[in-house]
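What the coordinates show
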Amino acid sequence: MFEAIAFYLFAFLTIAMFYITVTTSQALYALTALAAGMIFISAFFFILGADFLGAVQIVVYSGAVMALYAFGMMFFDTTREVKEKSGNKYLVTGLATISAVLVVVIFAAPIVGENITALYPMTEGAGNTQEIGIVLFTKYLVPFELAAVMLLVAMVAGIVLAGKKMDLSLTLMSDAEIKDMREETNKKVLS
């Protein structure tokens, strides 16, 4: 009975947080709701008895969202109006094709994964964390290493982006200077 109540409560909260993430126009509100949604997802793992996965969900995914939150606060300029422009139709078609291929690969991966056997079978009496470690470093070693390389590339890219010098510091400007800058930007966009 407790599990059912907890499931429906966390399901409602998770859906609500992700709804706020998608519908809000404020970037920082969206990132906050995204982090809360990731934490509520970890509750499902705890309910199912997968404590290790619940802790990993909180540490890794919520930590990643918090890093995204920090970059959003550093790089998002709230003084500018957002203008949408029509995208390149070839880019949209290419991204849609890549997404379709990715979905097919994701759904085909379990079928291919059935044929792969681990070099070290599960040991009796091993805990949840030990079993995950054995499978992660035997059967899924290559994807684990690829994920590590991708995270390294993302970290280097973040450092490069953070190291770029900004011409103006909005925190050191007065409200009148920010208003003048916004008007100049709007004039450039309109002309």
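These numbers come from a predicted model, not from an experiment. (Residues numbered from 1 in each chain as written. Predicted model: local features only at pLDDT ≥ 70, side-chain atom pairs only at ≥ 80, totals over all residues. Heavy atoms only, no water.)

**Focus: the overall build of the protein**
In terms of regular secondary structure, the protein is built from seven helices and zero strands. When the elements of the protein are put in sequence order from the N terminus, they spell out α-α-α-α-α-α-α. Within the protein, buried positions represent 15% of all 191 residues. Within the protein, counting contacts between residues at least 6 apart in sequence, those at least 24 apart form 54% of the total. (Helix = DSSP H or I, 4+ residues; strand = E, 2+ residues; numbered from the N terminus. Buried < 20%, exposed > 50% of the residue type's maximum accessible area, 1.4 Å probe, protein only. Contact = heavy atoms within 4.5 Å.)

**Examining a nonpolar patch on the surface**
Side chains of I39, F46, I58, V59, V60 and Y61 sit close together on the surface and give an oily, nonpolar patch of about 520 Å² of accessible area. If one sorts the elements of the nonpolar patch by residue count, helix α3 (residues 51-75) sits on top with four residues. Note on placement: F46 falls in helix α2 (residues 27-47). (Patch = residues over 30% accessible without salt bridge, like charges linked within 9 Å, V, L, I, M, F, W, Y side chains within 5 Å. Areas by Shrake-Rupley, 256 points an atom, 1.4 Å probe, with all protein chains shown as cover. Salt bridge = Lys/Arg side-chain N within 4 Å of Asp/Glu carboxyl O.)

**Details of α2**
For α2, which comprises 21 residues, the first-to-last C-alpha distance of 31 Å matches the rise-based estimate of 30 Å (1.5 Å per residue) to within 8%. A positive phi of about 90 degrees marks G49, the residue just after α2. (Expected span 1.5 Å × (residues − 1).)

**Brief notes about the confidence of the model for the protein**
The predicted model of the protein has a mean per-residue pLDDT of 76, with 73% of residues at 70 or higher. Between the elements of the protein, mean pLDDT differs from a low of 75, seen in helix α5 (residues 128-136), to a high of 88, seen in helix α1 (residues 2-23). (pLDDT = per-residue confidence, 0-100.)

**Section: a negative patch on the surface**
A surface patch of like charges, here negative, comprises E177, D180, E183 and E184. With respect to the element layout, E177 can be found in helix α7 (residues 175-190). (Lys, Arg positive; Asp, Glu negative; His and termini not counted. Charge placed at Lys NZ, Arg CZ, Asp CG, Glu CD.)

**Description of the packing of aromatic side chains**
Across all of its chains, the model carries three aromatic pairs by this definition. Their ring planes at 75 degrees and their centres at 5.4 Å tell us that F7 and Y8 sit as a pair that is edge-to-face. A relative accessible area of 60% places Y8 in the exposed class. Judged by centre distance (6.2 Å) and plane angle (40 degrees), the ring pair of F10 and F40 falls under tilted. (Phe/Tyr/Trp six-rings, centres within 6.5 Å; stacked < 30°, edge-to-face > 60°.)

**Some remarks on the packing of α1 against α2**
At a minimum axis separation of 8 Å, α1 and α2 run at an interaxial angle of 160 degrees. When the interaxial angle is binned, α1 and α2 end up roughly antiparallel. For the pair α1 and α2, the crossing hand works out as left-handed. For the pair formed by α1 and α2, the contact residues are E3, A6, F7, F10, A11, L13, T14, M17, F18, I20 and T21 on the first element and A30, A33, L34, A36, G37, M38, F40, I41, A43, F44 and I47 on the second. Considering only residue class, the contact of α1 with α2 consists of 18 nonpolar, three polar and one charged. (Axes fitted to C-alpha atoms, helices over the stretch in contact; angles between N-to-C directions. Parallel < 35°, antiparallel > 145°, perpendicular 65-115°, else oblique. Left-handed = near helix turned anticlockwise from the far one by under 90°. Nonpolar A, V, L, I, M, F, W, Y, C, P; charged D, E, K, R; others polar.)

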